[in-house]
Structure formats: structure tokens, C-alpha cells
Amino acid sequence: MHIYIQQKLQEAVRQTFPDASLTNVVVRPCPDPRFGDYQSNAIMGIAKERKLNPRQAATDVLAHLDVTDCCETPEIAGAGFLNFRVKPEALARAIAAPLEGAPLFFQPVAKPRTIVIDFSSPNVAKPMHIGHIRSTALGDALARLNRKLGHRVITDNHIGDWGTQFGLLTVGWKSQLDRASLETDALGEMERLYKSVTAAADADPGVREAARQELVKLQSGDPTNLEIWGRMIDLSQVQFDEIYGRLGVQFDHTLGESFYNPELKRVVQELVGKGIARESQGAVCVFSEGVLNPKEDPFLVQKDGEWSPNPALIQKADGAANYATTDLATLEYRWNTWQPDDVIYVTDGRQQLHFRQLFNAWQRWHPELREGMQLHHVWFGSITGDDGKPYKTRSGETVKLAGVLDEAQERAFAVASSKNPDLPEAQRREIARVVGVGAVKYADLSPNRQSDYVFSWDKMLSLQGNTAPYLQYAYARIRSVFRKAGAEAGLNPGLIQLRHADELGLAKRLVRFGLSMEAAASEHRPNYLCLYLYELAGDFARFYESCPVLKSEGAERNTRLVLCELTGRVLKEGLNLLGIEVLEQM
RNA sequence: GCAUUCGUAGCUCAACUGGAUAGAGCUUCUGACUUCGGAUCAGAAGGUUACAGGUUCAAAUCCUGUCGAAUGCACCA
């Protein structure tokens, strides 16, 4: 709907001001329904460039604009806003379309892009913790969203399966492995080994030296150490898969850091050969090339009023590469393998400097791909407790993700049991699973990703406010209507008459679904979609209070059933794009 | 010290990236035919968008400064 108006408006602007750029001529929903349904403020900008009276310019554009087939006569308001009011008949046609096979209020993109999304990235031998949920939920939602819009999406779990921690782990594995607890909880046991040996190494330099030697043996291909390392990866992956199974998250590829080991030496050589990196204090580092404004340059930092080097290490003094090197090799592999238009990294905000350096170094390494492969660091804030500090258990441990999901389901089960004690237990368990996991994910997706947010069970599982259970409840109510309506619920797309204010309000919200999808995808912010779904659920609740469905008859009943059906479809699809399931009953 | 990101109602968060009178939920108060699922809805109260300047027809949003917070700054990722 807004796209149609926008195209018409662009055409009118082109006729009135042939030299004007049309990229800013956009149509947006009105912030306040009193102004209308859609607005454009583009004329004000165009008038300003030409030093014209904006209201006069708007009048001139309107003379070339004919949208009588879908809108009332557009109005000029305020400083030069154009306001559009949609005709109910046009709205009825718009909402009939998905019932006849059209996409659900969105348009697939005209030019699909190839998008690699790198997210989740747990570390081998460490249980996934609460911090992983945000990357996982965000990355999965972005993948689903972009796929739905028609892009070619490739998801890659860049797990941490290589690095110095394996020296310590191997010492622990060889000296104090508890095979029984390895059977029951492999990640827990490996975590215990790691902590135990770390403590021992702090107290005894001999242990640290032993760890260093085990690492060297692993890196030089010692069969025993390689086997232990492989076991640790396999055991970890089993537990990762269990969590991903619960979360409903799938990856196209799981290419861990070790996958790139064979390339690292060559990457370092190439960077040195091209003068991008050089030796410094025994290590090999990337320094500034000095072309950027110092403030923008990720390899410069101000010290005592002077700009000083802030290099990125790509090879340590001991000859080993590190994560910057791996990330460069990874980019090279991704380009060679998929030729992506975009690569999206979903990590916490603490890695901003690393990615600025990585992107800069990559562009110097492969300047020819500067435009061809766009790199995005989609970062997010941390999850905190009531005190504003990172969320920890009472004893100060990091909170394990499996435990969070367990508790969410337990709490949801208690609620389901108290609200619906007559349902069989198996069904209440299933409700608890869908509600619990959905609540945890939604709590991560609905705030602006860049802000820290306070973890709260009560808030995420509440049936009020912007939560997953509230949206799932709205869906369940809709399904209940159709259970009651039974076989008489045949929907007639040709018999839609929108009259009641809450019918119109709901219909207008429905047709904006695509707008929220596009905003969420283009800004990598699923919270735009969350907000839309919450507002949709609110509009539906209002409609549902004021417009009886099953007690009405004829065209009115058909119209209201259509609105219920489409609201249900959008809620289900929208939640699905967020990786959240819905229930027929809850 | 420098950099990044922030500072919005008592609390937790929004605000479609420069648009019109800054919105929700929680909390408090008042209402809604024994209810198409009341796990809901309607209404009231609550704001100098940290502070001070500036740019603009228009600023929570952009620029400058001050105060405060989180995070990061060479061999962990």
C-alpha cells in the first residue's frame, strides 16, 4: 500500500522537479492517526534545496499526483507535510490479496543479495552461557528475516575450537580427568578441568610451562594431543547441538577457527609482503597506513596529545597466529567460496575495535573488493542483573544457557498449570516449552540491541506488555475463535467491508507488516519487528473487545473472521521470523 | 589518559535514524453485560529527553563543551 503511494508520489515529484533526487521521496506511516494514514515529508527537503515555499511546492506536486484509486485527496499540513488517508475499499482489496495467494503484506526483494551471517560462536570445552543467547537469537532472526525477504542467506557458526586454552585443557585432561562426569556432563567436566588447571598454573609456573608445551605439541601435530583435542570438540558439539535443538536454530556451516589453520602462515606472509603488516617487538602487526583521518583510523590512538600506533597483532612473538589472523583468513575463504554481498557478524559490543581493525585490514588486503563485499558488525549490549552489572549467579558464576532455558520452562509450566489445570500434563509441558523458550528469545530481541538490558524472569514471562507470551496469547485467542466458528468459517475475500474504527485500525496495521520486516532487516534490528507485532496484538485486542466476531452476521462476520485470520497469520509468521513458535492453546 | 556506546516517567524499555502534541509495560487510582479465552480492555496520574550552548522550517536524534555510566585499549577471543 505505502509502496504504491510512494511510487505515485515519486512520479509526481519527477514531473514537478525533474532534477530532484527521488531516493529521499519516501512515504511513511503517520505517527498520529489524526494526520492521516501515511505521510511524506520529502517536499520540505526539495523545497529547501530550491529555496521555494514548501507549501507551494507541495501544491505543485499534488497537481501531478493522482491516487484517487486508493486514497482520499491528499492534504498539505504543517510546514509542508503531505498526508494520505487510505480509502476503506482500497484497504479491503489490500487485505483480501493474501487470502488469494499473494505474499503476506510484504514484497520479496527485487535484487536478492548473498548474505553470510556469523553468529553464536561458542567456545569448545566451555558451556554456552547467557551471553550466547543474544548472538544466537539475533543472528537466527536476521537469517530468517533475510531469507523470507528473498535473499540468499548462509549461516556459519565460527566456533572457538583453537587457541591457547587447549594447552591448559590438555594438561587437565591427561592428569585429572573424571571419566564418569565426562559421560554425564562433558562440558561441565571440561570447564572444571580448565578452572582447576588455571588455578594450578597461577600457583605453579611449572604447570604453566607444561601447558605451553602441550600446546606446542598440539600445534605441531602430536597424535595424542590431536586426538584429545578432537574428542573435546566432538563432546562439545553434542552439547551445543542439544541447545540449538531446543532453540530451533540451525546452521548451514560450522567452520570453526581451526578450519583456517592451514592458511594462517600464508595470510601473514601476504600481509607482510604487501606492506600492510610488519614486525614489531617480535610480533607481526598491522599498523595504520596513514590515509585516514586519525580519529577514524582504528590503528591510531591518542596518547598525551599525540597520535600513537594502536596495532592489531596477526602473529605473536612465539610464532602463533591469533584471532585477527583467523578472521582475515575466514573472510578470504568466505569470499572465495560464496562471493557474498554482505558479511554480518553478530557479537557483543566489546569487540568493536577488533572489527574496525579487521575490516580496515581486509580492505587494504583486498581493495578491489571494497564495494563488492560489505562488512557489518552487528553488535549488542550485555545482559545485566538488577545492579546493572553483568548477569551472574548468586555465587558469581556465569549463568549457563541450558539452566536459563530449564528455569524458563519450569516457570512457564507453573503458570500454564495454574491457568489451565485441566489440560493433560503432556500438553502443559509443550506449552511450557514453547512459551519458555519464546520468552527468553523475545527478551533478547525486543530491546534495541545496542542497549544493555536487565534480566528479569517476571518481565519476560509476563502476559502483559511487550513479551512473547502476550503475542502467543493473542494468537491462541484467534485460534479459539476458529475452533468455535467451526466449519462455518469459510472466508470470502470479495465480501470485506471495513466499517468499525477498530476494524480499520487493525487492517491498516496488518498491511504495514512488510514495512517492519524491511526496517528490521535493513538496520539489523529485529526489535522493529517485535514492536510491530506488539502493536498489532494491541490493535487486535482492541478490535476483539469492541467487535464481536461470532455474534455478527453476513459481511460483517466475514470481515471480522478475515481480520482474525490475517492477524493470526501475521503473528505466526512474524514470530516465526524471530524464531518463536506459536500454540493453538495455551 | 584516549576511544567507543550511552544518559528518556519512580522502575524496565520504545521512539521506523531529522518530522507534527516523546510512547508502552510495571507500580498507583478508577471503570468494563457471570467474558467469541478477564492470561483481556478502557480511562487517570506520571517528562525541561543528564546539563549548557549551537545548526535547522523542524532536534531525544546532528555539532561543541561539561557531568555521569558501561565497555575496550600488544601477544585471550
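Just so you know, these numbers come straight off a predicted model, no measurement behind them.

### Quick look at the sheet that holds strand β13 (residues 374-380)
Part 1 of the argument: Here 4 strands make up an open sheet; going across it, the order is β6-β5-β12-β13 and the pairing parallel. For this open sheet the edge positions go to β6 (152-156) and β13, each flanked by a neighbour on one side alone. Between one strand axis and the next, the sheet turns by 20 degrees as a mean value, whatever way the strands run.
Part 2 of the argument: Pairing of strand β12 (residues 342-348) with β13 involves 7 bridges; the strand directions are parallel. Bridge pairing in β13 places V343 opposite L375.

### Let's talk about the protein's contact with RNA strand B
Part 1 of the argument: For RNA strand B, the set of nearby residues contains 70 residues, the closest of which are E257, K316, Y323, K484 and Y544.
Part 2 of the argument: Atoms of RNA strand B within 4 Å of the protein belong to the sugar or the phosphate in 58% of instances, the rest to bases.
Part 3 of the argument: The contact in question runs from a base nitrogen of RNA strand B to an N or O atom on the side chain of S280, over 3.1 Å.
Part 4 of the argument: With respect to RNA strand B, the backbone of C547 contributes an N or O atom lying 3.3 Å from a base nitrogen.
Part 5 of the argument: Taken together, the elements giving at least two residues each to the surface near RNA strand B come down to α2 (42-49), β4 (81-84), β8 (283-286), β9 (300-303), β15 (453-454), α17 (468-485) and α20 (526-546).

### Some thoughts on the packing of helix α12 (residues 323-338) against helix α13 (residues 352-365)
Part 1 of the argument: Put simply, α12 and α13 touch, their axes get as near as 10 Å, and they point 50 degrees apart. Looking at the two axes, α12 sits oblique to α13. With respect to the hand of their crossing, α12 and α13 are arranged in right-handed fashion. For the pair α12 and α13, the contacting residues are Y323, A324, D327, L328, L331 and E332 in the first and H354, L358, A361, W362 and W365 in the second.
Part 2 of the argument: Residues of the contact of α12 with α13, tallied by class, amount to 8 nonpolar, 1 polar and 2 charged.

### A short note on empty space enclosed by the protein
Part 1 of the argument: Enumeration according to the criterion identifies 1 cavity of 30 Å³ or more in this entry.
Part 2 of the argument: Taken as a whole, the largest cavity spans an internal volume of roughly 40 Å³.
Part 3 of the argument: Surrounding the largest cavity, A312, I314, A324, L328, H354, Q357, L358 and A361 form its lining.
Part 4 of the argument: Mapped onto the lining of the largest cavity, the elements with two or more residues apiece are β11 (312-315), α12 and α13.
Part 5 of the argument: Split into classes, the residues belonging to the lining of the largest cavity amount to 6 nonpolar, 2 polar and no charged.

### What about the packing of helix α14 (residues 401-419) against helix α15 (residues 425-445)?
Part 1 of the argument: Closest axis-to-axis distance for the α14/α15 pair is 7 Å, and the angle between their directions is 130 degrees. In this view, α14 runs oblique relative to α15, as classed from their interaxial angle. Of the two possible hands of crossing, α14 and α15 adopt the one that is right-handed. Contacts from V404, L405, A408, Q409, A412, F413, A416 and S417 of α14 reach α15 at E425, R428, R429, I431, A432, R433, V435, G436, V437 and V440.
Part 2 of the argument: Across the contact of α14 with α15, the residue classes break down as 11 nonpolar, 3 polar and 4 charged.

### Some remarks on the environment of T398
Part 1 of the argument: Within the secondary structure, T398 is located in the loop between β14 (383-384) and α14.
Part 2 of the argument: For the pair T398 and I130, spaced 268 residues apart in sequence, the C-alpha separation works out to 7.4 Å.
Part 3 of the argument: In contact with T398, other than residues within four places in its own chain, are H129, K392 and T393.

### Thoughts on the domain arrangement of chain A
Accessible area lost upon the coming together of the parts is a frequently used measure of interface size.
Part 1 of the argument: Once the domains are mapped, chain A shows domain 1 (2-86), domain 2 (114-160 + 257-380), domain 3 (165-247) and domain 4 (401-577).
Part 2 of the argument: Between domain 1 and domain 3, the C-alpha centre-to-centre distance is 64 Å.

### A look at the pattern of salt bridges
Part 1 of the argument: Tallied over the entire structure, the rule returns 39 salt bridges.
Part 2 of the argument: Among the ionic pairs, E49 bridges to R50, the shortest N-O distance being 3.1 Å.
Part 3 of the argument: E49 gets classed as exposed once you look at its relative accessible area, which sits at 60%.
Part 4 of the argument: R147 is the salt-bridge partner of D252, the closest N and O atoms lying 2.9 Å from each other. One end of the pair, D252, is in the loop between α10 (223-247) and α11 (261-273); the other, R147, is in helix α5 (residues 130-148), with 105 residues separating them in the sequence.
Part 5 of the argument: Using a relative accessible area of 39% as the deciding quantity, one classes R147 as partly exposed.
Part 6 of the argument: Connected through shared salt-bridge partners, E191, K195, E397 and K400 make up one network.

So, how was this worked out
- Residues numbered from 1 in each chain as written.
- Chains lettered and ligands numbered in written order.
- Predicted model: local features only at pLDDT ≥ 70, side-chain atom pairs only at ≥ 80, totals over all residues.
- Heavy atoms only, no water.
- Pairing = 2+ DSSP bridges.
- Helix = DSSP H or I, 4+ residues; strand = E, 2+ residues; numbered from the N terminus.
- Axes fitted to C-alpha atoms, helices over the stretch in contact; angles between N-to-C directions.
- Near = heavy atom within 4 Å.
- Polar contact = N/O pair within 3.5 Å; in protein donor to acceptor, adjacent residues only side chain to side chain.
- Parallel < 35°, antiparallel > 145°, perpendicular 65-115°, else oblique.
- Left-handed = near helix turned anticlockwise from the far one by under 90°.
- Contact = heavy atoms within 4.5 Å.
- Nonpolar A, V, L, I, M, F, W, Y, C, P; charged D, E, K, R; others polar.
- 1 Å grid on protein atoms, 1.4 Å probe; cavity = no way out; pocket = protein on both sides within 12 Å on 5 of 7 lines; lining within 4 Å.
- Points joined across faces, edges and corners; volume = space filled by probe spheres on them.
- Domains from an automatic or database assignment.
- Salt bridge = Lys/Arg side-chain N within 4 Å of Asp/Glu carboxyl O.
- Buried < 20%, exposed > 50% of the residue type's maximum accessible area, 1.4 Å probe, protein only.

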